[in-house]
Amino acid sequence: MLLKETHNIPVAAAQIENMSAALVLFRNYKDNQSLSMERFIDFLNYPSQERNDFFNLFSEEVIVVNNRYAKRILTSL
Amino acid sequence: MPTPLYKILLPTDNGYCLAGNPIMMGFWTGDIQSARYRIYTGSNLDVLEYDGMISSISEWAWVDVASIFSSMKNTAGVTRAKIVMVDDAGVESGSAEHTPDNIPILTIFGGGISKLLVRMLAGNNSNIFSWKLKDSTTNFFLTTRTNSFTIAIPENELMPLYYYAKGLKFDIKVDDTIVMSKDHTADIEETLQFIDFSALRLQLVGSINKLVSAFRIVTVAGWSCSIVITQAETPTDFQLKFKNSWGVWEKISLHNVVNFTPAIGEATKINQFDAIVNDFVSTTSRKSIGNIFTAESGYKTANERFFLMDMLSSKSVLFVTYGREYACNVTTDTTLIASTMGDPISVNLKIELQDAGEFFSPVTDEIDYNILTSSDGSDITTDGANILV
């Protein structure tokens, strides 16, 4: 179940702190070294179970920002 | 220069008004009790838009001039209009309060707001311009998703966010880094501007190596509002795109199954001569077919259902599927505002495409154009009728 709202404040989509490192992880995940950053961004912007599974490869931290919204920050393990 | 005979009272101090709401102009005619007025538009305010007469048994006449700008009612944008009164000799003038060098100017913004909001703002001695549109310390974007300080937009509904720029100055920050600055304080003309947060998000991957989903709008007075891109739960091939109350396009995704129900009209019987029996026979003319889809909005919170109401009241709604857009009318039979103790509820939507006719072509699935060029022609009947049913 995707966390959409917490304490009536919206939860932002995942924030990936290091896209270059995440792309390397994505290439390993897809077993394809030639995948481009554009293809990776497309993958990140389209909802799918595969994307959720990929996010599970990261360390996730949820930060509530001034009680306005929550950020999900993903960092490579 | 003689003092003008007439006085003109603008709707607000600075002449700002919305095309979708009444624009009440006050004309003081003195003892004459009737007068002519003219409205000029155009970039140089020299295009005569309207030439009207007013009369009043009192000294003041009030005229709603909104109908003159009705074309802006459903479209975002801004235009200026010059108001003058004309004396018996045909001499145009402003008013005692407005010298000929400073004649009354209206600035008309597209869209409108509800009477409820007008009443609420008037009760607080405010108006929509000072409360929202021209205040960079609040949510000044032309979205009807929310008026609160946090604008949450699902990733698959993200559209450019528009705002009226003149006088605004703000930075867009990600964490504590300024990623974009806007300064419209020196603008002479009012303009409609936008920020494409989807494009900005992609740009930031290249510049700061991050995929960000939350942006803070910060002014000299502090943090004004936040744009939060939320994660869509499921993919969808169906969306509704509509012009909101400000005249700006927005999107709503339809999360659940979209069902198609053809609305087949009554056929007309006609008599046709049949040469075999040498007599007239009754045949059926082609029926009309309307395209009606039913869908569920997906679970929506109370705030999201207010946004849904804006879509239901919009005059321009498009049903978007597989990259194509069809004009439609959307209605609902579900109670939109219900006491649910804060629990989200789903809303049933009936989407009736405006295109109805004698022929039916499916729009809910990709048309496989390869069928038309298949080598053996097995999918093609002699009249091609089974390609598009």
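Everything discussed here concerns the structure shown above.
Residues numbered from 1 in each chain as written. Chains lettered and ligands numbered in written order. Predicted model: local features only at pLDDT ≥ 70, side-chain atom pairs only at ≥ 80, totals over all residues. Heavy atoms only, no water.

(A) Region of interest: the pattern of salt bridges. All names here are of chain B. If you walk through the whole model with that rule in mind, you get 14 salt bridges over all chains. R80 is paired through a salt bridge with E189; the nearest N and O atoms lie 3.8 Å apart. Residue R80 is located in strand β7 (residues 78-86), and its partner E189 is located in the loop between β13 (177-183) and β14 (192-195); the two are separated by 109 residues in the primary sequence. The class for R80 is partly exposed, based on a relative accessible area of 30%. In this structure E189 comes out as partly exposed when scored by relative accessible area, which is 43%. (Salt bridge = Lys/Arg side-chain N within 4 Å of Asp/Glu carboxyl O. Helix = DSSP H or I, 4+ residues; strand = E, 2+ residues; numbered from the N terminus. Buried < 20%, exposed > 50% of the residue type's maximum accessible area, 1.4 Å probe, protein only.)

(B) View of the interface of chain A and chain B. Residue-level contacts link 30 residues of chain A with 28 residues of chain B. Of the roughly 2,500 Å² buried between chain A and chain B on both sides combined, carbon and sulfur atoms contribute 53%. The largest per-residue losses of area from chain A upon contact with chain B belong to P47, R68 and Y69 of chain A, which jointly make up 24% of the total buried on that side. A salt bridge links D175 of chain B to K71 of chain A, with the nearest nitrogen and oxygen atoms 2.3 Å apart. Along the lines of polarity and charge, the residues of the side of chain A that touches chain B split into 17 nonpolar, 6 polar and 7 charged. (Contact = heavy atoms within 4.5 Å. Buried area = accessible area lost by both parts, 1.4 Å probe. Nonpolar A, V, L, I, M, F, W, Y, C, P; charged D, E, K, R; others polar.)

(C) Region of the structure containing the packing of aromatic side chains. This structure, assessed with the given rule, holds 28 aromatic pairs over all chains. One aromatic cluster in this structure is built from F26, Y29, F40, F43, F54, F55 and F58 of chain A. A cation over an aromatic ring shows up here: R68 of chain A above the ring of W223 of chain B, its NZ or CZ 4.1 Å from the ring centre. Positioned over the ring face of Y40 of chain B is K82 of chain B, at 4.9 Å from the centre of the ring. (Phe/Tyr/Trp six-rings, centres within 6.5 Å; stacked < 30°, edge-to-face > 60°. Lys NZ or Arg CZ within 6 Å of the ring centre and 35° of its normal.)

(D) Here's a closer look at the packing of helix α1 (residues 19-30) of chain A against helix α2 (residues 37-44) of chain A. Residues and elements named next belong to chain A. Relative orientation of the contacting elements α1 and α2 amounts to 85°, with a least axis distance of 10 Å. In this view, α1 runs roughly perpendicular relative to α2, as classed from their interaxial angle. Contact residues: M19, S20, A22, L23, F26 and K30 in α1; M37, R39, F40, I41, F43 and L44 in α2. (Axes fitted to C-alpha atoms, helices over the stretch in contact; angles between N-to-C directions. Parallel < 35°, antiparallel > 145°, perpendicular 65-115°, else oblique.)

(E) Broad picture of the side chain of S314 of chain B. As for its placement among the helices and strands, S314 of chain B is situated in the loop between α4 (302-312) and β23 (317-321). Excluding residues that lie within four positions of it along the chain, S314 of chain B makes contacts with F242 and K243 of chain B.

(F) Here's a closer look at the environment of V281 of chain B. All names here are of chain B. In this structure, V281 sits in strand β21 (residues 279-284). Among the residues examined, V281 registers a relative accessible area of 27% and is labelled partly exposed. Along the chain, V281 and I57 lie 224 residues apart, while their C-alpha atoms are 72 Å from each other. If we ignore the near neighbours within four places in the chain, the residues touching V281 are I270, N271, Q272 and D274.

(G) Here's a closer look at α2 of chain A. The set of residues buried in α2 of chain A consists of M37, F40, I41, F43 and L44 of chain A. Buried residues along α2 of chain A cover an arc of 155° about the axis, so they all sit on one side. Those residues of α2 of chain A that are exposed and aimed more than 90 degrees away from the buried face are E38 and D42 of chain A. Here the buried face of α2 of chain A lies against β3 (15-16), α1 and α3 (49-55) of chain A together with α3 (197-208) of chain B. (Arc of directions from axis to C-beta.)

(H) Just the sheet that holds strand β3 (residues 24-28) of chain B, in detail. All names here are of chain B. As summarised here, the arrangement of the 3 strands in space is β1-β3-β6, forming an open sheet in which the pairing is antiparallel. Looking along the sheet, the strands with just one partner apiece sit at the ends: β1 (7-9) and β6 (60-64). Across the sheet, the axes of successive neighbouring strands diverge by a mean angle of 20°, strand direction being ignored. Across 3 bridges, the pairing between β1 and β3 is antiparallel. Within the sheet, the bridge partner assigned to I8 lies in β3 and is F27. (Pairing = 2+ DSSP bridges.)

(I) Broad picture of the side chain of T236 of chain B. Residue and element names in this part refer to chain B. On the secondary structure map, T236 appears in the loop between β16 (222-230) and β17 (238-243). A relative accessible area of 16% means that T236 is categorised as buried. Polar contacts involving the side chain of T236 include one to the main-chain amide nitrogen of F238, which spans 3.1 Å. Among the polar contacts made by the side chain of T236, one reaches the main-chain carbonyl oxygen of L254 at a distance of 2.7 Å. (Polar contact = N/O pair within 3.5 Å; in protein donor to acceptor, adjacent residues only side chain to side chain.)

(J) Region of the structure containing the sheet that holds strand β25 (residues 345-353) of chain B. All names here are of chain B. Strand order across the open sheet formed by 7 strands is β18-β17-β23-β24-β25-β22-β19, with antiparallel pairing between neighbours. Looking along the sheet, the strands with just one partner apiece sit at the ends: β18 (249-253) and β19 (259-264). If you compare each strand with its neighbour and ignore which way they point, the axes differ by 35° on average. Where strand β24 (residues 324-332) meets β25, 5 bridges bridge the pair, whose relative direction is antiparallel. The residue bridging V330 from the neighbouring strand is I351, located in β25.

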